[in-house]
Amino acid sequence: MVRGMARMARALVEGMSNITVIGGNGYTGAAVVTEALRRGHSVTIVSRSQPDAPLAGARYVTGSALEPAVLDSALEGADAVVMAVSSRAGGPQIAPELASLLVERVGDARLAVVGGFSSLRPAQGAPRFIEAGVAEQYRAEAEAGHGSLEVLKAAPADVDWVFFSPAAKFGAWIPGEPSGSYRLGGEVAILDENGSSTLYAEDLALAILDVIESGEHSREHVSVVS
């Protein structure tokens, strides 16, 4: 058993689990925070600025997660860490660098990293979508997300990580409502009859918390759709 699985199991039995969410004010991170608080976890939110309306019961660490002092404060006492930073086109692509820092500093906490759809494969053994080519406007974001997966795959064997790839359609601009459920798969994309898939942040948060709590899928790349 890798370190994070044992620590998270103990924390859940004791009812004292602490979850750090990096990017906790963003689309994905905010949903993870809400779900974690709903389940009774203690939550630390890492973001560059304080929200206008801080959440009751959450601890805030403000600043760049790339700064050692900020990251050390954020990881203190964590049983699990969720990395849900934005890598949108036109912005700084920090995901691989942050993933590297977390691998070095996460200790025995579980590490859940939210990446992108492009790291998935259309079929078993087929090239990943990113290897087949990604549209220019999405390339930087896709490369950053996939870079963080490569960092995790090279991590020491006792680092307990899970990499989540959301559906092809995922983001605050996607119309519709969360389903309140999800489907979990491996690194082969789960697609509908039209060759697409959809995921809402609230449904992804359910999957992330379920996986963190279960201790399953250690050192695996998983996909999630609503």
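Residues numbered from 1 in each chain as written. Predicted model: local features only at pLDDT ≥ 70, side-chain atom pairs only at ≥ 80, totals over all residues. Heavy atoms only, no water.

S.K.: Give me the overall build of the protein chain: which residues, what numbers.
M.R.: The helix and strand tally for the protein chain stands at seven helices and 10 strands. The C-alpha atoms of the protein chain give a radius of gyration of 16 Å, which matches the 17 Å a tight globule of 226 residues would have. Judged by the C-alpha coordinates and their principal axes, the protein chain covers about 45 × 40 × 35 Å. Taken across its 226 residues, the protein chain has 50% of its residues classed as buried. Looking at the protein chain alone, contacts between residues at least 24 apart form 73% of all its contacts between residues at least 6 apart. Surface summary for the protein chain: the accessible area is close to 10,200 Å², and the carbon and sulfur share equals 52%. Taking the 17 positively charged and 27 negatively charged side chains of the protein chain as two groups, their mean positions are separated by 2 Å. (Helix = DSSP H or I, 4+ residues; strand = E, 2+ residues; numbered from the N terminus. Rg over C-alpha atoms; globule rule 2.2 N^0.38 Å. Buried < 20%, exposed > 50% of the residue type's maximum accessible area, 1.4 Å probe, protein only. Contact = heavy atoms within 4.5 Å. Areas by Shrake-Rupley, 256 points an atom, 1.4 Å probe, with all protein chains shown as cover. Lys, Arg positive; Asp, Glu negative; His and termini not counted. Charge placed at Lys NZ, Arg CZ, Asp CG, Glu CD.)

S.K.: Help me get a handle on the packing of helix H3 (residues 68-75) against helix H4 (residues 95-105), residues and values and all.
M.R.: The angle between the axes and the distance between the axes are what describe a pair of packed helices. One way to put it is that H3 packs onto H4 with a least axis distance of 11 Å and a crossing angle of 55 degrees. By the angle between their axes, H3 is oblique relative to H4. Here the hand of the crossing between H3 and H4 comes out right-handed. Where H3 approaches H4, its residues Pro68, Leu71, Asp72 and Leu75 are matched on the opposing element by Leu101, Leu102 and Arg105. Of the residues that constitute the contact of H3 with H4, the class distribution is five nonpolar, no polar and two charged. (Axes fitted to C-alpha atoms, helices over the stretch in contact; angles between N-to-C directions. Parallel < 35°, antiparallel > 145°, perpendicular 65-115°, else oblique. Left-handed = near helix turned anticlockwise from the far one by under 90°. Nonpolar A, V, L, I, M, F, W, Y, C, P; charged D, E, K, R; others polar.)

S.K.: Give a detailed account of the nonpolar core, specifying residues and quantitative values.
M.R.: One finds Ile19, Val21, Val32, Val82, Phe164, Leu204 and Ile208 to be the most contacted residues of the largest nonpolar core, which totals 32 residues. The leading source of residues in this core is helix H7 (residues 201-214), at eight residues. Aside from chain neighbours lying at most four places away, what touches isoleucine 208 is Val32, Val82, Ala112, Val114 and Phe164. (Core = buried A, V, L, I, M, F, W, Y, C linked by side-chain atoms within 4.5 Å.)

S.K.: Pulling in residues and values, what's your account of the side chain of threonine 20?
M.R.: Checked against the element boundaries, threonine 20 lands in strand E1 (residues 18-22). With relative accessibility at 1%, the residue threonine 20 sits in the buried group. A polar contact of 2.7 Å, which involves the side chain of threonine 20, links it to the backbone oxygen of alanine 74. Sequence-distant contacts of threonine 20, that is, excluding residues within four places in its chain, are made with Thr44, Val46, Ala74, Ala78, Ala80, Val81 and Val82. (Polar contact = N/O pair within 3.5 Å; in protein donor to acceptor, adjacent residues only side chain to side chain.)

S.K.: Could you give an account of the packing of helix H2 (residues 27-38) against H7, with specific residues and numbers?
M.R.: H7 packs onto H2 with a crossing angle of 55 degrees between their chain directions and a minimal axis gap of 8 Å. The angle between H2 and H7 places the two elements in the oblique class. Once H2 is placed against H7, the crossing between them reads as right-handed. Counted together, Tyr27, Thr28, Ala31, Val32, Glu35 and Ala36 of H2 and Ala201, Glu202, Leu204, Ala205, Leu206, Ile208 and Leu209 of H7 form the full contact between these two elements. By residue class, the composition of the contact of H2 with H7 is 10 nonpolar, one polar and two charged.

S.K.: Summarise unusual backbone geometry; cite the residues concerned and give the values.
M.R.: Trans is the common state for peptide bonds, and a negative phi is the common state for residues other than glycine. Look at histidine 217: it is not a glycine, yet its phi comes out positive at around 65 degrees. Checked against the element boundaries, histidine 217 lands in the loop between H7 and strand E10 (220-225). The residue arginine 219 is not glycine, and still its phi comes out positive at about 60 degrees. Positionally, arginine 219 belongs in the loop between H7 and E10.

S.K.: Tell me about the environment of alanine 205, residues and numbers included.
M.R.: Here alanine 205 shows up in helix H7. When near neighbours in sequence (up to four residues on either side) are disregarded, alanine 205 contacts Ala31, Val32 and Glu35.

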